[in-house]
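Spelled out, the chains give:
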Amino acid sequence: MNAIVLAPLMWIAVVSRAWRWWWSRSWVLGSMVVALGVVAVHLSLNIPAVETVVQAVVPIANFSTGLRMVLFNLMAASSGVLALAVTTDPERVARGARVLGLIAVVGSVVAMAIFACAPTVPQAAGGFEFDIAYSHLPGYAEAGIAGALFPALLCPALMVMTARAADVRSLTGWSLTLLSVGLAAATVWAWIRLSYFVAARYLGAPQLPVVFEVTRAVSAVGVLVIFVGMMLSPVVSWVRAKRILWAIGPLHRELTARWPGVRRASRRGSSTDERADDRVTELLDALSMEAESTTQPDACVADMTEVAAAVAGWLLRGLASSAFSSAGIRSAVLEAELDRTWALTLARKYRDEQREVSA
């Protein structure tokens, strides 16, 4: 049931990030698309109907289990590219992506070759049942080792890399913190499986089904945390952008109606965050033109709040003020430091003035 609910949500995240990547072609978005896509495929395979279809299409017993080994390698490689993309320069990301991709492909081919050449065993109901019944057998244990080796070696390095770059004072830092926690879970998952396969195949260790119960729980936690870490920044950015668009809406409509020439079309494929920046720019451009057309002879420099109140008074009541001038607006922009901060201050004063006028 969890997979039935989570798989569609994961595919929605994949499509949204793929759409953004198509227009930006950044390493961060590209690696996120691959990583989320791999997780989405893995979750989809955990749905019995999907796994049945896969097994019917590919005439290899328990093929879905072998496919999961490939997915583990791809997940590790894409997470590595993402970690590089947010911590290093683009040239190193490109080189790292080639190296990680090559290792993931080689590891996947080796694991699948060993898996396909192992003695045939009856079809299991799912990957969990297969692990319990067959993973200790010759061929399948070696395939499990080959499938877990790359994640076991790479994930600890990625965990350290992302943890060192994490700074919880920023949104990106929180994303990296969550990513490092997810990679820690992936490390635990990989090393438990790798150790068990080696011990069960070569050291005569007894079969322990509890190992796979533990690794399934650990992998679920790791996937969830990595997903939240990847989606935290875009979701928060979307919420912030929507808040800005809602807040400045009335003032933006007022000023752009007076100065329609400031309107500009947002770039096709632009994000909500980019569109919010475009609307803020339009608002401030129109405000500057309004100030230039109504500058008072006794114009003065005032603080940000006073200038914002003067702007609202002029637009809604027609009240002239020496604070509403090009000089006053320039000083307010310098005080606000960020265009968004200044736009939100203007919008707040405008709404307050609207309520007073309507009262």
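Above this text you will find the structure in question.
Residues numbered from 1 in each chain as written. Predicted model: local features only at pLDDT ≥ 70, side-chain atom pairs only at ≥ 80, totals over all residues. Heavy atoms only, no water.

Novice: Explain the pattern of salt bridges residue by residue, including any values.
Specialist: Applying the stated criterion across every chain yields a total of 14 salt bridges. Put simply, arginine 201 and glutamate 142 hold a salt bridge, and the shortest N to O gap is 2.9 Å. In this pair, arginine 201 is assigned in helix α8 (residues 171–202) and glutamate 142 in helix α7 (residues 140–165), connecting sequence segments 59 residues apart. One salt bridge in this structure joins aspartate 273 and arginine 340, with 2.7 Å as the shortest N-O distance. With aspartate 273 in helix α10 (residues 272–293) and arginine 340 in helix α13 (residues 339–358), this residue pair connects regions lying 67 residues apart in the sequence. Of the residues examined, aspartate 273 reaches a relative accessible area of 26% and is grouped as partly exposed. One salt-bridge network, in which partners are shared between bridges, spans Arg20, Arg267 and Glu274. (Salt bridge = Lys/Arg side-chain N within 4 Å of Asp/Glu carboxyl O. Helix = DSSP H or I, 4+ residues; strand = E, 2+ residues; numbered from the N terminus. Buried < 20%, exposed > 50% of the residue type's maximum accessible area, 1.4 Å probe, protein only.)

Novice: Tell me about empty space enclosed by the protein, and name the residues and values.
Specialist: Here the structure, examined in full by the defined rule, presents two cavities of 30 Å³ or more. Its volume calculated, the largest cavity comes out at about 40 Å³. Lining the largest cavity we find Met10, Ala35, Leu36, Val39, Met75, Ser79, Val223, Ile226, Phe227 and Met230. Per-element tally for the lining of the largest cavity: the top contributor is helix α9 (residues 209–258), with four residues. Of the residues assigned to the lining of the largest cavity, the class counts are nine nonpolar, one polar and no charged. Taken as a whole, the second largest cavity spans an internal volume of roughly 40 Å³. If you go around the second largest cavity, the residues you meet are Met69, Phe72, Gly144, Gly147, Ala148, Trp189, Arg193 and Phe197. Residue assignment for the lining of the second largest cavity shows that the elements contributing at least two residues are α4 (63–87), α7 and α8. Within the lining of the second largest cavity, the residues separate by chemical class into five nonpolar, two polar and one charged. (1 Å grid on protein atoms, 1.4 Å probe; cavity = no way out; pocket = protein on both sides within 12 Å on 5 of 7 lines; lining within 4 Å. Points joined across faces, edges and corners; volume = space filled by probe spheres on them. Nonpolar A, V, L, I, M, F, W, Y, C, P; charged D, E, K, R; others polar.)

Novice: A description of the packing of α4 against helix α5 (residues 90–117) should follow, citing residues and the corresponding values.
Specialist: Running from N to C, α4 and α5 point in directions that differ by 170 degrees, and their axes come no closer than 9 Å. As summarised for this structure, α4 and α5 are arranged roughly antiparallel, according to the angle between their axes. Residues Phe63, Thr65, Gly66, Leu67, Met69, Val70, Asn73, Ala77, Gly80, Val81, Leu84 and Ala85 of α4 form the contact with α5, whose participating residues are Arg92, Val93, Gly96, Ala97, Leu100, Ala104, Gly107, Ser108, Ala111, Met112 and Phe115. Broken down by class, the residue content of the contact of α4 with α5 amounts to 15 nonpolar, seven polar and one charged. (Axes fitted to C-alpha atoms, helices over the stretch in contact; angles between N-to-C directions. Parallel < 35°, antiparallel > 145°, perpendicular 65-115°, else oblique. Contact = heavy atoms within 4.5 Å.)

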